Amino acid sequence: MATPGIEQLFEFQRLPKDGFLLLLFLLYAPVGLCLMLLRLFIGVHVFLVSCALPDSLVRRFIVRVMWSVLGVFVKQNDSSLRDKNVKVYVCNHVTQFDHNVINLLTSCNTPVLDVSPGFVCWARGFMEFGLTSSRSERAESLKQYCSVQGSLPLLLYPEEETTNGKTGLLKFSSWPFSVSDSVQPVALSVKRPFIPANVEESSWILELLWTLFIPFTVYQVRWLPTVSRQDGDSSQEFGNKVQELLAVKLGVVSTQITRADKVEHLKRKRHIAPHTINSNQSLGARPRTISLGFMASNSMMEDMRISGMVQQVKEVLPHVPLGVIKRDLVQTNCVDTTIANLLEGAEEMNSGSSGGSSVAAIQTSSLNAIGATASAPALKPAAESFGRSTADRHMSLQDRKEALYEYARRRYIEKHGLNQQTHNTQ
């Protein structure tokens with residue numbers, strides 16, 4: 001049998017991929033919702049009964065019957081092979097309720113090793129064990145538990161993570177096989193209509209609701225003979241032997257994929273998911289992506305054009321800040337209009353404030369350049385005396401503004417080699 005890839009060991013999609021099955025599922029959905037609500041009410045009573053009755057054969061029978069009302073059916077094969085003296089059961093891990101299913105058949109404890117103890121831990125049927133810093137400490141603590149007279153057997157999952165139970169087993173960890181020299185393998189398979197028994201990265205509450213929603217779920221438990229460690233076998237070699245036996249019983253492949261490989265695969269899948277969604281967009285959505293890129297390209301070209309126009313204005317009015325020039329160009333989209341606006345704005349500020357240093361610098365440098373130009377007509381940059389009336393002062397400002405504007409136009413025309421007559425016509 002060919003070794004499956006890591007993607008084939010897990011389920012990532014809840015709904016059926018087949019169109020016919022999906023149609024049947026959608027038709028069943030209203031019935032499933034009603035069934036889930038009814039079973040939630042019954043499930044509360046099942047929980048109370050399981051808490052009230054002491055652990056015994058009678059309790060297991062009553063709870064098992066009540067579980068069948070919830071749609072969970074448990075079957076077992078070769079029950080005569082179950083060893084009552086063994087201290088450790090090892091089972092493949094398919095769903096988050098595997099330990100509850102095994103508890104319906106025989107009394108055992110499943111330690112929760114990576115979660116803090118509490119009410120939820122107890123209510124789910126786990127043995128509160130506490131957090132451990134290393135696997136060796138974990139194995140040593142469980143070994144001490146097994147050495148206590150009358151202690152219930154332990155149910156351990158050497159895979160340490162769930163799989164779909166259809167194609168292969170994760171590589172067994174070695175620490176469960178250092179707890180005891182004899183273990184009994186338990187082969188577990190789960191079947192249900194429409195949807196898979198377990199979906200990765202789904203909470204136990206969500207899985208419980210789906211279990212109550214689906215018409216039925218069948219757990220098949222098969223007991224294998226007890227396996228003992230051979231002389232000279234390490235814990236890992238002992239685990240590999242048990243893994244091969246379970247794989248043959250289940251009809252799947254014994255892989256070398258570990259829990260760490262699964263965790264890394266899930267991280268990588270979460271990282272790649274957004275890119276996959278973008279690449280698998282429908283044809284109707286693709287033009288939107290192209291248009292967005294086209295708009296971004298156009299925006300970049302527009303910025304470059306505005307920057308070129310800013311430099312042209314800056315050459316004519318070197319003392320005006322770039323931010324002021326760009327802000328006006330965005331509105332006017334014309335070099336000539338921006339130069340006129342800046343000159344007009346400078347005159348207005350100068351008329352409102354006689355001590356504007358930046359405006360005075362613009363006017364002085366521009367007028368000096370005008371005086372140095374041979375072709376420039378004789379200008380009167382400033383009034384010979386301060387006007388006595390408002391009209392006289394305004395005429396003085398207008399004369400200076402006209403002089404600055406004519407100089408700016410001449411500089412721009414000479415810079416770009418334009419025909420002055422054509423430019424004036426425009």
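Residues numbered from 1 in each chain as written. Predicted model: local features only at pLDDT ≥ 70, side-chain atom pairs only at ≥ 80, totals over all residues. Heavy atoms only, no water.

### Considering the confidence of the model for the protein chain
Under the convention used in this document: Per residue, pLDDT captures the predictor's confidence, and it can take any value from 0 to 100. Two residues form a contact once any of their heavy atoms are found within 4.5 Å.
Scored by pLDDT, the protein chain has a mean of 79; 75% of the residues are at 70 or more. In the predicted structure, residues 282-297 sits below a pLDDT of 50 and forms three contacts with residues beyond four places in sequence or in another chain. Note on residues 353-386: pLDDT under 50 across the span, and 36 contacts to partners over four residues away in sequence or across chains.

### What to know about the nonpolar core
If you look at soluble globular proteins, the nonpolar side chains tend to sit buried side by side. Keep this limit in mind: To qualify as a nonpolar core, a set must consist of buried Ala, Val, Leu, Ile, Met, Phe, Trp, Tyr and Cys residues joined through side-chain atoms within 4.5 Å. Think of it in three bands: with a 1.4 Å probe and only protein chains considered, a residue is buried below 20% of the maximum accessible area for its type, exposed above 50%, and partly exposed in between. The way it works is that DSSP assigns letters per residue, a run of H or I at least four long becomes a helix, a run of E at least two long becomes a strand, and they are numbered from the N terminus.
One finds Trp67, Tyr89, Leu155, Val186, Phe213, Tyr219 and Val221 to be the most contacted residues of the largest nonpolar core, which totals 35 residues. Breaking this core down by element, the ones donating at least two residues are α1 (19-52), α2 (57-69), β1 (72-77), β2 (88-91), α3 (98-103), β7 (182-191), α6 (204-213) and β8 (217-223). When residues of this core are assigned to their parent elements, the largest contribution, five residues, is made by α1. Setting aside residues no more than four positions away along its own chain, Val221 makes contact with Lys75, Gln76, Asn77, Val101, Ile102, Leu105, Val186, Ala187 and Leu188. If you look at the next biggest cluster of nonpolar residues, it comprises 25 residues, including Met127, Tyr145, Phe172 and Leu246.

### Digging into α1
The criterion, for reference: One less than the number of residues in a helix, times 1.5 Å, gives the span that helix is expected to have. What is called the bend at a residue is the angle between a pair of axes, fitted to the seven residues leading up to and ending at it and to the seven starting from it.
With 34 residues, α1 extends 46 Å between its outermost C-alpha atoms, agreeing within 8% with the 50 Å of an ideal straight helix rising 1.5 Å per residue. Along its length, α1 reaches its greatest deviation from straightness, about 45°, at Ala29, and the proline Pro30 lies no more than four positions downstream. Those residues of α1 that fall on the buried side of the exposure criterion are Phe25, Tyr28, Ala29, Gly32, Met36, Arg39, Val46 and Ser50. In this structure, the buried residues of α1 make contact with α2 and α6.

### Some points on the environment of Gly168
With respect to the helices, strands and loops of the structure, Gly168 is situated in strand β6 (residues 168-169). Remark: the alpha-carbon pair of Gly168 and Leu250, spanning 82 residues in sequence, is separated by 8.9 Å. Among residues more than four places away in sequence, those in contact with Gly168 are Leu9, Thr163, Val252, Val253 and Thr255.

### Brief notes about the side chain of Asp98
Put simply, the rule is: Positive: Lys, Arg. Negative: Asp, Glu. His and the chain ends are not part of the count. Each salt bridge in this description consists of a side-chain nitrogen of Lys or Arg and a carboxyl oxygen of Asp or Glu lying within 4 Å of one another. Residues adjacent in sequence count toward polar contacts only when both atoms are side-chain atoms; beyond that, a polar contact is any pair of N or O atoms within 3.5 Å, and within protein one must be able to donate a hydrogen and the other to accept it.
By the element assignment, Asp98 lies in helix α3. No salt bridge is formed by the buried Asp98. Its closest oppositely charged neighbour is Arg192, at 9.2 Å. Reaching out from Asp98, the side chain makes a polar contact with the backbone nitrogen of Val94 at a distance of 2.7 Å. With sequence-adjacent residues up to four places away left out, Asp98 is seen in contact with Asn92, His93, Tyr157, Leu188 and Tyr219.

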